[in-house]
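Letter by letter, the chains look like this.
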Amino acid sequence: MLQRKTTMSTPIQKVVIVGAGTMGSGIAMVAAATGHYATLVDVSQEVLDKSRSGIEKNAARIARKLFKGDPDSASGFVAEALGRISYSTDLEQCVASTDLVIEAIVENMQIKQDLFRRLDNIAPEHVIFASNTSSLSIVEMGSVTKREDRFAGFHFFNPVPVMKLIEVIKTDKTSEDTHTRLMAFGRALGKTCITCKDTPGFIVNRLLFTLTSEALKMLEREDAEVRDIDTAMKLGLGHPIGPFELMDMVGLDVTLNIMKEREARYPNDPAAKPSPTLVKMVAENKLGVKSGQGFYSYK
C-alpha cells in the first residue's frame, strides 16, 4: 500500500472518531464546525442515527449564538458543518483515508486494546491514534500496536462544544512530531491544549478525584447533604458547579470507573477504594444526567 508522507508541518484535516456517544458526537461536531472532515463510526446504526439527530440540533443552537440576527449566515454555517460529517459502521473503510483516529468508546482497557489492535492492522502507517480516555493508561493502551510513537491521549471534556480544554497525554514513546501535530490540531479546534505525562487521572481528574472522594465521604458520614456541599463549593470557593452536580454531568458510571482504575493501580491504598454510594447508584442505573437520575433528578 502506498503511504502518504506526513511531516511536522502537515496539519490534521481528516479525523475518524470511534464511538458515537456523547463525547464522540461532540468531538465530531467541533471538528466539523472548525473546518475539518469528521467521520463518526459506531457498531450500531441506531446509535449513529441518534447521534446525527443530536449533532444537527446542537449545530443549529451554536449557529444561533454565533450569528444572532443573521439567519442566512446561521443556516449556511449549519449546512457547511453538517456537510463535513459522515456516519458509518464500516471501520476499515473509514480509516483508510484519515489523518487521525480518536477512540471514544467505553472506559474498559481490554475493549480499548482490542479496538486499537484491530485499527493497527487496517489503518495506513501514517495515521495517528489517540484515546479520549479520562484516566486509563495511554502507554498500556498503545502497547498492543506497532505505532507507539504515533499514539497519545487526547482528552476532551464534557460537553465538548462548551469546554475549552484538551489534555494531550504524551508518553515516553510518543514522538515529538505526533505531540506537535496533536497540539496544533487541538488549537485548530478552538481549544486550549495542555500537556501531561501518562499519570493516573492526568491533571484534571487526578485533582478532581480528591475533591469528589472527600465530598462522597462527607455524604456517607452524614456531615452534610448533597445540595449543601455543592453550594459550599460554588459560593465558598467560586466553583461554577459543585462536585455532585459535576459527577452527574460526567456520569456516575464514568466516575466509578475512574475510581476502579485508581484502585487497580494502587491496591494497597485505602483512599483509592471506590465509594460504596457510587457502586450502589450505578447498580441501580442512577447514572446522572444521561439516565435522568443521579444525585439530582433530571426527569
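Procedures and definitions
- Residues numbered from 1 in each chain as written.
- Predicted model: local features only at pLDDT ≥ 70, side-chain atom pairs only at ≥ 80, totals over all residues.
- Heavy atoms only, no water.
- Disulfide = S-S within 2.5 Å.
- Axes fitted to C-alpha atoms, helices over the stretch in contact; angles between N-to-C directions.
- Helix = DSSP H or I, 4+ residues; strand = E, 2+ residues; numbered from the N terminus.
- Parallel < 35°, antiparallel > 145°, perpendicular 65-115°, else oblique.
- Left-handed = near helix turned anticlockwise from the far one by under 90°.
- Contact = heavy atoms within 4.5 Å.
- Nonpolar A, V, L, I, M, F, W, Y, C, P; charged D, E, K, R; others polar.
- Salt bridge = Lys/Arg side-chain N within 4 Å of Asp/Glu carboxyl O.
- Buried < 20%, exposed > 50% of the residue type's maximum accessible area, 1.4 Å probe, protein only.
- UniProt positions renumbered as here; feature names shortened; annotations may be inferred.
- Polar contact = N/O pair within 3.5 Å; in protein donor to acceptor, adjacent residues only side chain to side chain.
- Right-handed = clockwise from strand over helix to strand, strands pointing away.
- Pairing = 2+ DSSP bridges.

The next subject is the state of the cysteines. Cysteine pairs can be covalently joined through their sulfur atoms, and such a bond is termed a disulfide. One pass over the full model with this rule turns up 0 disulfides. Of all cysteine sulfurs, the one in Cys196 lies closest to Cys193, which takes part in no disulfide; the gap is 13 Å.

Take the packing of helix α8 (residues 204-220) against helix α10 (residues 243-250) next. Any two packed helices are characterised by the angle at which their axes cross and by the distance between the axes. Put simply, α8 and α10 touch, their axes get as near as 10 Å, and they point 115° apart. Between α8 and α10, the angle falls in the class roughly perpendicular. Handedness of the crossing formed by α8 with α10: left-handed. Contacts between α8 and α10 involve Leu208, Leu211, Thr212, Ala215, Leu216 and Leu219 from the first element and Pro243, Phe244, Leu246 and Met247 from the second. A class-by-class count of the residues in the contact of α8 with α10 yields 9 nonpolar, 1 polar and no charged.

Attention shifts here to the pattern of salt bridges. Where side chains of opposite charge bring their charged atoms close, a pairing between them can arise. For the coordinates displayed, the defined rule picks out 13 salt bridges. The closest approach of N and O atoms between Asp149 and Arg150, which form a salt bridge, is 3.1 Å. The partly exposed category is assigned to Asp149, whose relative accessible area is 33%. We classify Arg150 as buried; its relative accessible area is 16%. For Asp253, the salt bridge identified is with Lys290, shortest N-O distance 2.9 Å. Of this pair, Asp253 sits in helix α11 (residues 252-265) while Lys290 sits in the segment after α12 (276-283); the two residues are 37 residues apart in sequence, bridging distant segments of the chain. Judged by relative accessible area, which is 21%, Asp253 ranks as partly exposed.

What follows covers unusual backbone geometry. The peptide bond linking Asn158 to Pro159 adopts the cis configuration, its omega dihedral lying at 0°. Within the secondary structure, Pro159 sits in the loop between β6 (151-155) and β7 (165-169). A positive phi angle, close to 60°, is found at Glu222, a residue other than glycine. Judged by relative accessible area, Glu222 falls into the exposed class, the value being 71%. Of note, Asn285 is a non-glycine position whose phi angle comes to about 60°, a positive value. Within the secondary structure, Asn285 sits in the segment after α12.

The next subject is the UniProt feature "domain: 3-hydroxyacyl-CoA dehydrogenase NAD binding" (unreviewed entry) in the protein chain. UniProt annotation of "domain: 3-hydroxyacyl-CoA dehydrogenase NAD binding" (unreviewed entry) refers to residues 14-199 when read in the numbering used here. Helix makes up 45% of residues 14-199 and strand 20%. Its end C-alpha atoms lie 29 Å apart.

A separate point is the UniProt feature "site: Important for catalytic activity" (unreviewed entry) in the protein chain. Per the UniProt entry, the sites bearing "site: Important for catalytic activity" (unreviewed entry) are His155 in this numbering. If you trace the backbone, His155 turns up in strand β6. Given the relative accessible area of 5%, His155 is considered buried. What His155 contacts, discounting residues up to four positions off in sequence, is Ser131, Asn132, Thr133, Ser134, Leu165, Ile166, Glu167, Phe202 and Asn205. A polar contact of 2.8 Å, which involves the side chain of His155, links it to the side chain of Glu167.

Moving on to the pairing of strand β2 (residues 37-41). Of all the 5 residues making up β2, 4 are buried; the element is thus mostly covered by neighbouring parts of the structure. Tracing the backbone out of strand β1 (residues 14-18), into helix α1 (residues 22-33) and back to the parallel element β2 gives a crossover that is right-handed. By the bridge criterion, 4 bridges tie β2 to strand β3 (residues 85-88) in an arrangement that is parallel. Residue Ala38 lies in a different strand from β3, and its bridge partner there is Ile85.

Turning our eyes to something else, we now look at the side chain of Thr145. Turning to its location among the elements, Thr145 is positioned in the loop between α6 (138-142) and β6. Looking at Thr145, the relative accessible area reads 6%, which means it is buried. Side-chain polar atoms of Thr145 contact the backbone nitrogen of Arg147, separated by 3.3 Å. Excluding residues that lie within four positions of it along the chain, Thr145 makes contacts with Phe116, Asp120, Phe129 and Phe151.

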